[in-house]
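Notes for the structure review
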Amino acid sequence: MTDRPYPYRTALVTGAFSGIGTALARLLAARGVSLVLVARPESRLRDLAADLRAAHSIEVEVLPADLTDSAQTAQVAARLTDAAKPVELLVNNAGAGAAGVFAGLPVDREEATLRLNNEAVVRLTRSVLPQMRSAGRGGILNVSSLTGGFPSPSRATYGATKAFLTHFSEDLAIENRGSGIHVTALLPGLTRTEYFTANDVGPAPAPGFLWLTADAVAAAGLRAVAAGRRRCVPGAPYKAVHALLSCTPPPLKRALGRRLSRR
């Protein structure tokens, strides 16, 4: 990120307690952006908030919430509609998803994945957009995944939620074109975070150069939403993959999905 002032003065970040979410919060704080941090582990949120206040002298609110719970999601949505404390950038980063053959996975967990990855995003985005449209400015950064671009056997629900998130973002970007509101889908590839242990997913067998850092992914996403780009794919290898996927016939995409699921 450059030394120019960041265009958004306040941001709400979901899933802020680790990985890409923490990296997003730290980078925004370094730019002087006031924050609302949302996640389940309250103690980790409060520790992060204290660090950011001390390091950057910014205002940081802590809003513990489980976004798989509709009542707690409604509390976050209410914060986004507070006209006295408007949020200029919404970062929908929270996400989860188990691995395994769908028929053998607990249905409650799969439904929770839908609520977290999609339903909460829809609810929070719908809550903040009217205020942004009234102000004539704002940003929405949705952390999706390249996984949504091709079939993902053994991660069917997760992959489908990410495909939804990418298309949802692009549709909103079109709807809000010329309004001063930027909507960006961030599509990272393999990223070193706590995701794999938190979701009981073994780390992918891939060479080191394919692994992105959370800081690099977060920085790319924040640049992209500030610039008004609809999609952001961090990392040269993944930019190439994304370009190839866009012109790959469906049968070859299915073959790629089968091969990756066996690894």
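Described below are features of the structure shown in this document.

Calculation criteria
- Residues numbered from 1 in each chain as written.
- Predicted model: local features only at pLDDT ≥ 70, side-chain atom pairs only at ≥ 80, totals over all residues.
- Heavy atoms only, no water.
- Helix = DSSP H or I, 4+ residues; strand = E, 2+ residues; numbered from the N terminus.
- Buried < 20%, exposed > 50% of the residue type's maximum accessible area, 1.4 Å probe, protein only.
- Contact = heavy atoms within 4.5 Å.
- Pairing = 2+ DSSP bridges.
- Right-handed = clockwise from strand over helix to strand, strands pointing away.
- Salt bridge = Lys/Arg side-chain N within 4 Å of Asp/Glu carboxyl O.

Turning to the side chain of T125, a few remarks are in order. Its location among the elements puts T125 in helix α4 (residues 107-135). By relative accessible area, T125 is classed as buried at 1%. Among all residues touching T125, those that are not within four sequence positions of it are L90, N92, I140, F168 and L172.

Here we take up the pairing of strand β1 (residues 10-14). Judged by how many residues are buried, β1 sits mostly within the fold: four of five residues are covered. Where β1 lies against strand β2 (residues 34-39), five bridges are found, and the strand directions are parallel. Residue T14 lies in a different strand from β2, and its bridge partner there is V38. The β-α-β motif built from β1, the intervening helix α1 (residues 19-30) and the parallel element β2 has right-handed crossover chirality.

Next up on the list: the pattern of salt bridges. Taken as a whole and judged by the stated rule, the model has six salt bridges. E61 is the partner of K85 in a salt bridge, and the nearest nitrogen-oxygen pair spans 4.0 Å. Here K85, found in the loop between α3 (70-80) and β4 (89-92), pairs with E61, found in strand β3 (residues 60-64); they are 24 residues apart in sequence, far enough to count as distant. The partner of R137 in a salt bridge is E88, and the shortest N-O contact between them spans 2.8 Å. Here R137 is found in the loop between α4 and β5 (138-143), whereas its partner E88 is found in the loop between α3 and β4, with 49 residues between them in sequence. For R137, a relative accessible area of 30% translates into the label partly exposed. Bridged by salt links that share partners, the residues R9, E88 and R137 form one connected network.

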